[in-house]
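Architecture at a glance
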Amino acid sequence: MQIEGLDEKLLPRHVGIIMDGNGRWARKQGKKRVLGHQEGSRVLKKIVKSVFSLKIPFLSLYVFSVDNWKREMEETSFLMKLIGKFYQEEFSDFKKHGIRVIHSGIYDNLPKKVIQILKNIEEETVHNTAGTLNLCLNYGGRLEIVEGIKKLFQDIKTGKVKEEEIDSKFFSNYLFHPEVPDVDLMIRTSGELRLSDFLLWKNAYSEFWFTDTLWPDFNEEELFKALKDYQNRQRRFGDAK
Ligand code: FPP
């Protein structure tokens, strides 16, 4: 796909999205919060397709955080059902377009059916190479780091790893899906200017792009705007040039 003003050679390798504002969108329409998520899911399907048709190799979506369990049961169980539905509806499309789907997060508290769907879609798409969709579900950035430390601790205890070997590159292999590179561009909708425990490690040098648009109103036009803006950023990674 060719977009005016967008340089295909300067696209980010990894885009992350915090899809915020579903609840406020619903309230503005005089609807229940869950209907905001339903609309958000519709938008998500379109954006996933746009990102991969641009040949951006990695897309991470913040679908549900470990802290989202604080919400009303009606909302959390609706979201779980919606996630299951999303996988079932999009599964054949992912297979057709060679998209690999992976899950970052933990299984604790997730309904059995959702765990089954997650495992199934990961297995069925494991050899796909056209793009990777990283669904961060029951995810927490601090949790990911703590889980990594626990795994590393085991390897130190059994003598598999020596202290001298450990640096940030080495440690990143203990995080969820080490094959997913650092985030280049992080998008957050709804006017909130925070990271909310999303991909803390992989966001170390990412470029941020914020919009006041609520997630259910987000569209391709805005995605392209974010990508064009990203192409004008000067990334230095700590260097002075
Ligand atoms: C944040 O909006 C959004 C979420 C916590 C859930 C995101 C989920 C979707 C976009 C759809 C479901 C996902 C899939 C994979 C089908 P909010 O509820 O915090 O909005 P608010 O800040 O306006 O209350």
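Heads up: these notes are all about the structure in this document. (Residues numbered from 1 in each chain as written. Predicted model: local features only at pLDDT ≥ 70, side-chain atom pairs only at ≥ 80, totals over all residues. Heavy atoms only, no water.)

1. Considerations on the site of the ligand
This is how it is decided: The nearness test applies per residue and asks whether one of its heavy atoms lies within 4 Å of the molecule or strand. Pairs of N or O atoms within 3.5 Å make up the polar contacts considered here, provided that, within protein, one atom can donate a hydrogen while the other can accept it, and that residues adjacent in sequence are counted only when both atoms are side-chain atoms. Both cavities and pockets are sets of points on a 1 Å grid over the protein atoms alone; in a cavity a 1.4 Å probe fits but cannot get out, in a pocket the set is open with protein on both sides within 12 Å along at least five of seven lines, and lining residues sit with an atom within 4 Å of a point. Each molecule is assigned to a cavity or pocket provided more than half of its atoms lie within 2 Å of the corresponding grid points. Going along the chain from the N terminus, every DSSP run of H or I of four or more residues is numbered as a helix, and every run of E of two or more is numbered as a strand. Residues were grouped as follows: Ala, Val, Leu, Ile, Met, Phe, Trp, Tyr, Cys and Pro as nonpolar; Asp, Glu, Lys and Arg as charged; and all remaining residues, including Gly, as polar.
The immediate surroundings of the ligand are formed by 18 residues, with Asp20, Gly23, Arg24, Arg33 and Arg71 found nearest. The contact in question runs from an oxygen atom of the ligand to an N or O atom on the backbone of Gly23, over 3.0 Å. Take Arg71: an N or O atom from its side chain is 2.8 Å from an oxygen atom of the ligand. Taking a 2 Å distance to the grid points as the criterion, the majority of the atoms of the ligand fall inside the largest pocket. Mapped onto the shell around the ligand, the elements with two or more residues apiece are α1 (22–28), α2 (33–53) and α3 (73–96). For the shell around the ligand, the element with the most residues is α3, which contributes 5 residues. Looking at side-chain class alone, the shell around the ligand contains 7 nonpolar, 6 polar and 5 charged residues.

2. Things to note about the pattern of salt bridges
Put simply, the rule reads: Should a side-chain nitrogen of Lys or Arg be within 4 Å of a carboxyl oxygen of Asp or Glu, the pair is scored as a salt bridge. Buried, partly exposed and exposed residues are distinguished by accessible area as a fraction of the type maximum, computed with a 1.4 Å probe on protein chains only: under 20%, between the cut-offs, and over 50%, respectively.
Throughout the structure, instances matching the rule amount to 22 salt bridges. With its nearest N and O atoms 2.8 Å apart, the salt bridge here joins Glu74 to Lys32. Placement of Glu74 in helix α3 and of Lys32 in the loop between α1 and α2 is noted, with a sequence separation of 42 residues between them. You can call Lys32 exposed: its relative accessible area is 51%. Two residues, Glu39 and Arg42, come together in a salt bridge whose shortest N-O distance is 2.4 Å. Taken together, the residues span about one helical turn, with Glu39 and Arg42 both in helix α2 at a distance of 3 residues.

3. Remarks on the sheet that holds strand β2 (residues 58–65)
Quick reminder of the rule: Here the rule is simple: two strands pair whenever DSSP picks up at least two bridges between them. Interaxial angles span 0 to 180 degrees and are taken between N-to-C directions of axes, which are lines fitted to C-alpha atoms, for helices over the stretch in contact. Residue contacts are defined here by distance: any two heavy atoms, one from each residue, within 4.5 Å place the two residues in contact.
Taken in spatial order, the 6 strands make up an open sheet running β3-β4-β2-β1-β5-β6, and their pairing is parallel. The sheet is open, and its two edges are formed by β3 (99–104) and β6 (207–210), each paired on a single side. Strand-to-strand twist in this sheet, taken as the mean axis angle between neighbours without regard to direction, amounts to 20°. Sheet contacts for helix α4 (residues 112–125): β3 and β4 (131–139); angle to β3, the most-contacted strand, approximately 140°.

4. A word on the packing of α3 against α4
Under the convention used in this document: Here the word oblique covers every angle except those under 35 degrees (roughly parallel), over 145 (roughly antiparallel) and from 65 to 115 (roughly perpendicular). Handedness of each helix crossing follows the sense of rotation of the near helix against the far helix: counterclockwise by less than a right angle gives left-handed, clockwise gives right-handed.
Two elements in contact, α3 and α4, have axes whose closest approach is 10 Å; the angle formed by their N-to-C orientations is 15°. Taken together, the axis directions place α3 and α4 in an arrangement best described as roughly parallel. Both α3 and α4 take part in a crossing whose hand is left-handed. For the pair formed by α3 and α4, the contact residues are Met80, Gly84, Tyr87, Gln88, Phe91, Phe94 and Lys95 on the first element and Val114, Ile117, Leu118, Asn120, Ile121, Glu124 and Thr125 on the second. Here the contact of α3 with α4 is composed, by residue class, of 8 nonpolar, 4 polar and 2 charged.

5. Things to note about unusual backbone geometry
Here the phi dihedral of Ser196 falls at roughly 50°; this positive angle occurs in a residue that is not glycine. Positionally, Ser196 belongs in the loop between β5 (185–188) and β6. With relative accessibility at 32%, the residue Ser196 sits in the partly exposed group. Within the chain, Phe237 stands out as a residue other than glycine whose phi angle is a positive 50°. Structurally, the position occupied by Phe237 is in the segment after α7 (220–231).

6. Concerning the pairing of β3
Regular strands place side chains that alternate from one sheet face to the opposite one. β3 sits mainly inside the fold: 6 of its 6 residues count as buried. With burial as the criterion, each face of β3 is covered, one bearing Ile99, Val101 and His103 and the other bearing Arg100, Ile102 and Ser104. Bridge count between β3 and β4: 6 bridges; the pairing is parallel. Opposite Arg100, over in β4, you have Thr132 as the bridge partner.

7. Section: helix α5 (residues 141–157)
Note: α-helices contain 3.6 residues per turn, so residues at a spacing of three or four share the same orientation. As a reminder, the rule being used: Here, expected helix span is obtained from the residue count minus one, scaled by 1.5 Å. Directions are taken from the helix axis to each C-beta atom, and the arc is the one they span.
An ideal rise of 1.5 Å per residue puts 24 Å on 17 residues; α5 measures up with 25 Å between its terminal C-alpha atoms. Within α5, burial applies to Gly141, Glu144, Gly148, Leu152 and Asp155. Relative to the axis of α5, the buried residues are bounded by an arc of 70° and lie together on one face. The exposed residues of α5 that point more than 90 degrees off its buried face are Arg142 and Lys157. Contacts made by the buried residues of α5 are with β4 and α6 (168–172). Remark: Gly159 follows α5 within two positions and exhibits a positive phi of approximately 85°.

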